[in-house]
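# Structure at a glance
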Amino acid sequence: MKKNLFFSIIFIHSFNFFCLSSNLYAQSDSSLTVGSVVGRIFDKSTKEEVIGASVRVVGTAIGTKTNVNGRFTLTKIPVGTYQLLITAVGYESLYRSDVVVSTGRPFSVVIELVEKDSETAEVEVVADYFSRKKTDSPTSEQTLSYEEIRRFPGGFEDVVRAISTLPGVAQVQNGRNDLLVRGGAPSENLFLIDGVESPNINHFGTQGAGGGPLSFVNLDFVRDVSFSTGGFGTKYGDKVSSVLTLDLRNGRDDRLGGKLNLSASQFGANIEGPLSQNGQFLFSARRSYLDLIFKAAGFAFVPEYYDFLGKFNFNLGDGNEISGVGIGVINNVRQFTDTEEQRFDNATLLDNTQYQIVAGVTWKKLFKGGYVSTTLGRTRIDYRFRQRDSLLVTFFQNNSIEDEFNLRSDAFITLGEKTELSFGFQAKTIGFDADIQLNPTANSAPFAPLALTKSDRFFKGALYAQIGESLGDFRFTLGARADYFSPIQTKLYPSLRSSVSYRLFEKSTLSVSGGRYFQSPSYIWLVANSENLNLKSIQTDVGIVGFEQIVGADWKFSVEGYFKNYSNYPTNTRLRFLTLANTGAGFGGSEEGFTSFGLDRLTSEGNGRAYGFEVFAQKKLSETRFYGIASFSVNWARFTALDGVERAGNFDQRLLFNLSGGYKIDEDWEVGTRFRFATGRPFTEVGADGDATYGFRRTNIDPMFFNAGRLPSSYALDIRVDKRWQFTDWTLITYIDIQNITNQKNADQPRWDVRNNQILDDSPLGLLPTIGINAEF
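Residues numbered from 1 in each chain as written. Predicted model: local features only at pLDDT ≥ 70, side-chain atom pairs only at ≥ 80, totals over all residues. Heavy atoms only, no water.

On a plain count of helices and strands, the protein comes out with six helices and 43 strands. Counting the 777 residues in the protein, one finds 59% classified as buried. Nonlocal contacts in the protein, meaning residues at least 24 apart in sequence, comprise 66% of its contacts between residues at least 6 apart. (Helix = DSSP H or I, 4+ residues; strand = E, 2+ residues; numbered from the N terminus. Buried < 20%, exposed > 50% of the residue type's maximum accessible area, 1.4 Å probe, protein only. Contact = heavy atoms within 4.5 Å.)

Structure below.
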């Protein structure tokens, strides 16, 4: 009944909003609809401005060249979606797709060109839509633009949800943003926002893990997203599975502008404009209104959130630039306890109220042949977890504060025509305060009591250096890194990483990369039990082989095989079958035994292995009006805990298939779709005696139950329709997005209903329509 009412409310909102936008169409005047494109062009390696580069709008006579600052402006372009062709002496030519010209604001683009090799400098290279990977990550890295993420069906205009369509990424459940990369846990991913590290980028994040239901980064301000699922260079560390880099755009420099947006879950406003002749700013504020919908639908709880994002940047001249970013997040959970059913439902939920700050200032100095970038960042998360039984008695609370100050500096220098050197350091001081109380009651699970109040301070440091060398069609990289973490006994962890790529043909590349990666234990694990200070950093040895072929100008195809060998993974000494690689995905609480918090004594005796192969194909939007991404992954992930038995990991989804794409009917209408299929992940079966999830309700746990079952395969089909409305000096963008349009009821982790002594049918919501209205001016 609740789900039907929830569906009805969403559908009515969707229909009304779409009709409202249709009525506005009569006010538009296509005869006045022209816009502009502004941008900057850099050298991909040195970040130096490329002067005199030619920029042309494909299919028109409109074009220009970059000035002494590498900037360009194209004006009086009829509204529509275009491609740019960029050519420059000494550089490989490049197409840029998804250039959306509108009346609302100038389309801003940053383009990085790759310098031609001296051996092929006289050869005419045909331009394509994919920049060459002249980086320290020749394998397992993909980049998506703002427009590719914005129109992603079923994505809520959310960065993390769009990333989930890339190869090797599993999804534990549809309502979560846990990044599960190549069999790894959600705690194994590094997030950077404009160069500032963030422990998490999601609302209602899981402590020490990194997941959550929805990203708090406003997509309107994201320029590009790069995602590396392995083989990344020595610049990045302290994570073993992936690096997600979000580059924010600068604000508009011509005048003050903004945007109003409304969707099925939130509303907000943006403002941007010039700060001075050489500076710009961005600012946004958003609020959910799920509290209104959830309460009307009769739910027992309401998630309520706010987020605020601001950025500034100044060009100081002489190659000096300074920029700053700040994000504030408020997450509240309100519970309704008017009825017995609501109180019982809430007793199974972990109240996850939290407040978060991510901020940083970056100074970049450009010089001939290189640059130095230095960032001072700060993050603070105030966690306030609480769980009550059906009589409203609190039996668990965790009030923790993680406060980090981070200084990092990265330098890049060209040493001759074919040799590049990068190096840098990182220093981080962490303050951690915790007040954890676990007091079992007659109506809660029978856990051992715990009372802990602790305040501590840690230090992290890292040094790295890497050299890259081009020899004919070969490119080599070799790097070393050393990580230091103060509270654990073994504090220093050195590692080596390398890669080789070979250009088989003009647009074919074979690459191999390998190395050792370390990740320090989560702070909450260390303070929850004093013996956990004996933990070591998680070690992962990674090997990857990949082949990439650019087919034509707008198609790309790649295939990769990988192997990850885990060691020193924390394992639970009470639950001897459990490694913490199998925790962290989900909302946590008593049904999962609070295992992701590491409250038990842990030891670094777990190991595991993950391996598989992936196929990826991408079609960029070009003169042909269709685009798409397809990925197919075959994966295995197995872990061994203290009992010595190798079992399938929680995120061992053997087959993953994603197909997404769309078609631009004309300059106003666009339709997109996504199909996803996944074989079921392992789970621990619920027995008739009520052993839920890992069997925490039993005194003696039989390890035979752990991950012995496997959920059925799942699939879903999403449909999205976009409509643009161009007015004289503003743009209206509307869309309707229907998730799981076939209403497929994919099975989720079964739960035990202790009130009725039966397995609880916790089927997902099924079909879900959402809407969006964005007014840009």
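Among the secondary structure elements, N740 is positioned in the loop between β40 (731-739) and β41 (751-753). Not counting the four nearest positions on each side in its chain, N740 is found in contact with A716, L717, D718, G766 and L767.

With that out of the way, let us pick up the sheet that holds strand β6 (residues 94-101). The four strands lie next to each other as β3-β2-β5-β6, forming an open sheet whose pairing is antiparallel. Each edge of the sheet is formed by a strand with only one pairing partner; in this case those strands are β3 (63-65) and β6. Across this sheet, the average inter-strand angle for adjacent strands is 25 degrees, counted without regard to direction. Bridge analysis of strand β2 (residues 54-57) against β3 gives three bridges, and the strand direction is antiparallel. Residue V55 lies in a different strand from β3, and its bridge partner there is T64. (Pairing = 2+ DSSP bridges. Axes fitted to C-alpha atoms, helices over the stretch in contact; angles between N-to-C directions.)

Averaged over all residues, the pLDDT of the protein equals 88, while 89% of them reach at least 70. Contacts of residues 1-15 to residues separated by more than four positions or lying in other chains number 31 contacts, the stretch itself having pLDDT below 50. Contacts for the low-pLDDT stretch residues 688-700, under 50 throughout, to residues beyond four places or in other chains number 38 contacts. (pLDDT = per-residue confidence, 0-100.)

Even without being glycine, F156 reaches a positive phi, approximately 55 degrees. Following the sequence through the fold, F156 ends up in the loop between α2 (146-150) and α3 (159-163). Unlike most non-glycine residues, N568 shows phi in positive territory, near 60 degrees. If you trace the backbone, N568 turns up in strand β31 (residues 555-572).

This next bit is on the environment of L504. The residue L504 is located in strand β28 (residues 492-505) in this model. The partly exposed category is assigned to L504, whose relative accessible area is 32%. Residues L504 and F547 lie 43 residues apart in sequence; the distance between their C-alpha atoms is 9.7 Å. Residues in contact with L504, not counting those within four places in the same chain, are T509, L510 and F547.

Looking now at the pairing of strand β19 (residues 279-288). Most of β19 is tucked away: seven of the ten residues are buried. Both strand β18 (residues 266-276) and β19 contribute to a ladder of ten bridges, which runs antiparallel. Residue pairing across strands places F267 opposite R287, the latter belonging to β19. Counted along the chain from β18 to the antiparallel partner β19, the turn is two residues long.

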